[in-house]
Structure formats: C-alpha cells, structure tokens
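# Coordinate inspection notes
For reference, the chains in residue letters:
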Amino acid sequence: MNRKYRKTVIAGNWKMNMTLSETKAFAETLKPMLGKHKWCDVVLCVPYVDIPAAIRLFKDTRVVIGAQNLHFESNGAYTGEISAEMLKEIGVKYVIIGHSERRQYYNETDVTVNKKVHAALETGLKPIICVGETLEQRELGGTMEYISYQVKCALAGVASDQMRRIIIAYEPIWAIGTGKTATAEQAEEVCENIRTVIRKLHGARVARSVTIQYGGSMNAKNAYELLAQLDVDGGLIGGASLKPAELMEIINAANQE
Ligand code: PGA
C-alpha cells in the first residue's frame, strides 16, 4: 500500500453465494463490527438480486456495493443480461470486469473485457478489472508478458483522466479458491509490473495513483503481509468475504499503520 498516492480498496466478491436472507444476516453481523476503517474503502460485489437490499442495509456505512459483471451494450435483445445504466440507476458504484471465472466459463475475451470497461466508465461505474495467469503460464515463465498483454487490452482506448476510476485486480488463476496464495513477493512483483505497464501508457503520475489489488485466497492470516507490499493496494476477496469476522480482519489489515 502507498496511501500517499492512492486509495486502498478491499472488495468482496461473493460470486454465486448468499440469498437475500443471508445477505441481511451478513449485514447485521458486519455492521456493528465496522469501525472507522478510515484508510480503506470497502466494496461488496454481490449477486444482482441482492444489490438493492445490500445498498439499503449498508446505506449509513462506508461500505459501497458493486456488481460482478455487466453487458457492454446499453440496452437491447440480450436475454438475461444487465447493463451499466441499470446498475448505475440503482446505486451501484463498482463493477468487476473480466474475472477469470467469466473468462473461463462464459467466453469472455480481452475484447469483451475492453468493451465492458468502456461501458462502465461512460456510465460512471468504477471497473475492477481482473487479470491473472494460469499455473502453466507461470511455470513456463510467461507471467509478466501475459499480464502485460491483458492489461494493455483491457485499457485500450482508455484516457489518462479516466485511469483514476479504474482498479486492476491481479488474480493468479492457480490461487483462486484453491487456498494456495501467491507469496507476498510474487504478488508484489506482478503488481509492480502492472504499474510499470500503466506508467508506459499514461505516465508516472497516473501510474502511481492507480489502485492495484491482489486476489486469490486472501484471508485474515495472509492479508497483513500481502497488503504490506508497496504496490498491493487492497484485495479482491472471494471465500473470505462471505464471513463477516474474517472480512473484518482483512479490513483491519488494510488499516495497519
Ligand atoms: P478467493 O476468490 O478469495 O475465494 O480465492 C478470489 C476471487 O476470485 O476474486
């Protein structure tokens, strides 16, 4: 983290978990635990159907609500899809774009990710863009090239003055939901590399202002060390964000002196 230049953001990604009643119970447990956490922003990316309730439940707190996906068109014959405008109008602030599960199971490509980034920015939503390598790519030594490519594709056509509203989440695919976390050094190395890519595209001032998260089995135990890295400005947290006490520990880790 480097709070002098950029925001620390802890974001939960609930994936396809939590019914409406479970969302209410979660909020009732988490809200009394929330202290001031003045140095980090907290986002909960919940299933679409839980969004209105989550916004209502966290209204008087610093927790804001995000979505996990969106369609890049603003409206039309796209059965089952949700647009940026729909999310914006009900009070959504952030949207996860290009999560590896979307890329893997729903054929999202670097091209659709880029279109979604533009749709989000034009509507005033803040994209959390996910990038990450497979274990095979890492073992072949191609991590940096691949991540650089993904970042460049996702950011194609994005103006420098839009970069402040973007979060990049580095999520090595081999660490997601596996309990296998990248070491703090591995996370820092890739996050630093992402900042270098942004520096080449938009200059040093923009690069140092962009929040870059780590994601992949971040939990209450490993969060302190990961977040202590200079270029790790927060986390995108799956499993551990479903448990209020564990999420709270991670928020506390993000507020460490
Ligand atoms: P995990 O998920 O924390 O359960 O590994 C992270 C993510 O997929 O965003």
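Residues numbered from 1 in each chain as written. Predicted model: local features only at pLDDT ≥ 70, side-chain atom pairs only at ≥ 80, totals over all residues. Heavy atoms only, no water.

With that out of the way, let us pick up the side chain of Asp 41. For Asp 41, the position within the fold is in strand 2 (residues 40–45). When its relative accessible area of 18% is taken as the criterion, Asp 41 is described as buried. Polar side-chain contacts of Asp 41 include one of 3.3 Å to the side chain of Arg 62. In this view, Asp 41 contacts Lys 7, Thr 8, Val 9, Ile 10, Arg 62 and Tyr 94; residues no more than four positions away in its chain are not counted. (Helix = DSSP H or I, 4+ residues; strand = E, 2+ residues; numbered from the N terminus. Buried < 20%, exposed > 50% of the residue type's maximum accessible area, 1.4 Å probe, protein only. Polar contact = N/O pair within 3.5 Å; in protein donor to acceptor, adjacent residues only side chain to side chain. Contact = heavy atoms within 4.5 Å.)

Around the ligand lies a shell of 13 residues, among which Lys 15, His 99, Glu 171, Gly 177 and Ser 217 are the nearest. Within the backbone of Ser 217, an N or O atom sits 2.8 Å from an oxygen atom of the ligand. Interatomic distance of 2.9 Å between a backbone N/O atom of Gly 238 and an oxygen atom of the ligand. Against a free-state accessible area of 280 Å², the protein chains account for coverage of 94% of the ligand. Its atoms largely coinciding with the cavity grid, the ligand occupies the second largest pocket. (Near = heavy atom within 4 Å. Areas by Shrake-Rupley, 256 points an atom, 1.4 Å probe, with all protein chains shown as cover. 1 Å grid on protein atoms, 1.4 Å probe; cavity = no way out; pocket = protein on both sides within 12 Å on 5 of 7 lines; lining within 4 Å. Sits in = over half its atoms within 2 Å of the grid points.)

A few words now on the nonpolar core. Counting residues in each nonpolar core, the largest one holds 69 residues, and the members touching the most others are Ile 194 and Ile 198. Those residues in contact with Ile 198 that sit more than four places away from it in its chain are Leu 155, Met 163, Ile 168, Gly 203, Val 206, Ala 207, Val 210 and Ile 212. Among the nonpolar cores identified, the runner-up in size contains 11 residues, and Ala 11, Cys 45, Ile 128 and Leu 236 belong to it. (Core = buried A, V, L, I, M, F, W, Y, C linked by side-chain atoms within 4.5 Å.)

Taken in spatial order, the eight strands line up as 1-2-3-4-5-6-7-8 and close into a barrel, and their pairing is parallel. Between one strand axis and the next, the sheet turns by 25° as a mean value, whatever way the strands run. As paired elements, strand 1 (residues 8–13) and strand 8 (residues 234–237) share four bridges and run parallel to each other. Of the residues in strand 8, the one forming a bridge with Val 9 is Gly 234. Packing against the sheet, helix 7 (residues 143–154) makes contact with strand 5 (126–131) and strand 6 (167–170), and its axis sits at approximately 155° to strand 5. In the packing of helix 11 (residues 244–254) onto the sheet, contacts are made with strand 1, strand 2 and strand 8, and the angle to strand 1 comes to roughly 165°. (Pairing = 2+ DSSP bridges. Axes fitted to C-alpha atoms, helices over the stretch in contact; angles between N-to-C directions.)

Here the structure, examined in full by the defined rule, presents one cavity of 30 Å³ or more. For the largest cavity, the calculated volume is near 40 Å³. For the largest cavity, the full set of lining residues is Gly 98, His 99, Ser 100, Arg 103, Cys 130, Val 131, Gly 132, Gln 150 and Glu 171. Taken together, the elements giving at least two residues each to the lining of the largest cavity come down to helix 4 (100–105) and strand 5. In terms of residue class, the lining of the largest cavity is made up of two nonpolar, five polar and two charged. (Points joined across faces, edges and corners; volume = space filled by probe spheres on them. Nonpolar A, V, L, I, M, F, W, Y, C, P; charged D, E, K, R; others polar.)

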